[in-house]
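Remarks on the overall topology
Below are the chains, spelled out letter by letter.
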Amino acid sequence: MTRTAIFVDAGYLYAAGAIILTGSSQNRERLDLDHLAAIEKLKDTSAQMTGGVPVLRFYWYDGLLRGRPSPEQEAVANTDNVKVRLGAVVGGQQKGVDSLIIMDLIELARNHAISEAVLLSGDEDLRVGVQLAQSFGVRVHLLGVEPTRGNQSYLLLQEADTTTEWGKEEVEAIMSVKPYVETYLDSLTGAFTVSLGEGEDEVLDRVASEVVGSIGEDELAAIATALARDPRWVPPDSDRLLLLRGSETLSRELTQTEKRYIREKFRESVSTTAAQ
């Protein structure tokens, strides 16, 4: 059967897209992906990579936070000719996505449902899936976001039959960076005021206090000293714990405003506790 399946690792697309657009990693909430435009762009790129072989369908892989699809994931799932496969998000990292891609790729190849596969991803773990699909006669075309030598496994690049990369112009056609709006920010102290939903400020206050309470005296003193030098800093380990517990408590991802709020409450709690 001469058909193509297109496999999209959404986590890779967001991560690589953020870097080419802004020069650094960004939280997904800062990015706006037009999934319909992305699907059309992928279809056009697939035609170029495969010589015009028709598309069977798209497979879209992403992480599921707190057991519920996001509005964006729901929108993608409701799009014609797209199958959404959701792994889990654990500690801010996607889990199980690679195995879902490998399973679909191998099954489609083994059943001779496709002759071509276009894979937008970069993880080396997918190499075994590529090898097995090729053993069934499927040609695998690897698509990445520039610079692919920096965000795709070189072993995966070597394994693919062909490789192509999207540059900034292609990414800008499907993804944009949302304007960053602050209600108030003091550039010297990092202090700010925000308006949260009813009761949410109390929830995030409590989470910040609990995280600070879990830190030992010596470490807390070191953090307080560092904050005296840089009032906008939060230790990376504490930051990850703040965002994770905040998301778990509210049963959803935190907004950018909520993240800034909980970080500021963490800093306030550190200063208050260390001074006691």
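Heads up: these notes are all about the structure in this document. (Residues numbered from 1 in each chain as written. Predicted model: local features only at pLDDT ≥ 70, side-chain atom pairs only at ≥ 80, totals over all residues. Heavy atoms only, no water.)

Quick notes on helix α1 (residues 10–22)
Heads up, the condition is: Working definition: helices are DSSP H or I runs of at least four residues, strands are E runs of at least two. Numbering for both runs from the N terminus. Any helix carries an expected span of 1.5 Å times its number of residues minus one. Summary of the burial criterion: residues with accessible area below 20% of their type's maximum are buried, those above 50% are exposed, and those between are partly exposed, where the area comes from a 1.4 Å probe applied to protein chains only. Contacts described as polar in this section are N or O atom pairs within 3.5 Å, which, within protein, must combine one atom able to donate a hydrogen with one able to accept it, while residues neighboring in sequence count only if both atoms come from side chains.
With 13 residues, α1 should cover 18 Å at 1.5 Å per step; its first-to-last C-alpha distance of 18 Å lies within 8% of that length. Among the 13 residues in α1, 10 count as buried, and that is most of the element. For α1, the complete set of buried residues consists of A10, G11, Y12, L13, Y14, A16, G17, A18, I20 and L21. Residue D9 occupies the N-cap position of α1, its side-chain oxygen lying 3.1 Å from the main-chain nitrogen of G11.

Details of the packing of helix α9 (residues 200–213) against helix α12 (residues 256–275)
To characterise two packed helices, one gives the angle between the axes of the helices and the distance between these axes. Note the following rule: A fitted line through C-alpha atoms serves as each axis, taken over the contacting stretch for helices, and the angle formed by two N-to-C directions is quoted from 0 to 180°. Roughly parallel means an angle under 35 degrees; roughly antiparallel means over 145; roughly perpendicular covers 65 to 115; every other angle is labelled oblique. The hand of a helix crossing depends on one turn: near helix anticlockwise from the far one by less than a right angle means left-handed, and clockwise means right-handed. Contact between two residues is taken to exist if any of their heavy atoms lie within 4.5 Å; hydrogens are not considered. For this classification, the nonpolar set comprises Ala, Val, Leu, Ile, Met, Phe, Trp, Tyr, Cys and Pro, the charged set comprises Asp, Glu, Lys and Arg, and every other residue, Gly included, is treated as polar.
Between α9 and α12, the shortest axis-to-axis distance is 8 Å and the interhelical angle comes to 45°. Our classification of the angle between α9 and α12 gives oblique. Considering the relative orientation of α9 and α12, their crossing is right-handed. Counted together, E200, D201, L204, D205, V207, A208, S209, V211 and V212 of α9 and E258, Y261, I262, K265, F266, S269, V270 and T273 of α12 form the full contact between these two elements. Among the residues forming the contact of α9 with α12, the class breakdown is 9 nonpolar, 3 polar and 5 charged.

Examining the pattern of salt bridges
How we decide: In what follows, salt bridge is the name for a side-chain nitrogen of Lys or Arg lying within 4 Å of a carboxyl oxygen of Asp or Glu.
Tallied over the full model, the rule gives 12 salt bridges. A salt bridge links E116 to R139, with the nearest nitrogen and oxygen atoms 4.0 Å apart. In this pair, E116 sits in strand β6 (residues 116–120) while R139 sits in strand β7 (residues 139–145), placing the two residues 23 residues apart along the sequence. Look at E116 and you get buried, because its relative accessible area is 10%. The shortest N-O distance in the salt bridge between D237 and R240 comes to 2.3 Å.

Brief notes about the packing of aromatic side chains
Put simply, the rule reads: Centres within 6.5 Å make a pair out of two Phe, Tyr or Trp rings, where for Trp the six-membered ring is used; the pair is then stacked when the planes are under 30 degrees apart, edge-to-face when over 60, and tilted otherwise.
Using the criterion set out here, one finds 2 aromatic pairs in the structure. Between the aromatic rings of F7 and Y61, the centroid separation amounts to 6.5 Å while the plane-to-plane angle is 15°, which identifies the pairing as stacked. Placement of the pair is F7 in strand β1 (residues 4–9) and Y61 in strand β3 (residues 55–64), with a sequence separation of 54 residues. The exposure class assigned to F7 is buried, which follows from its relative accessible area of 1%.

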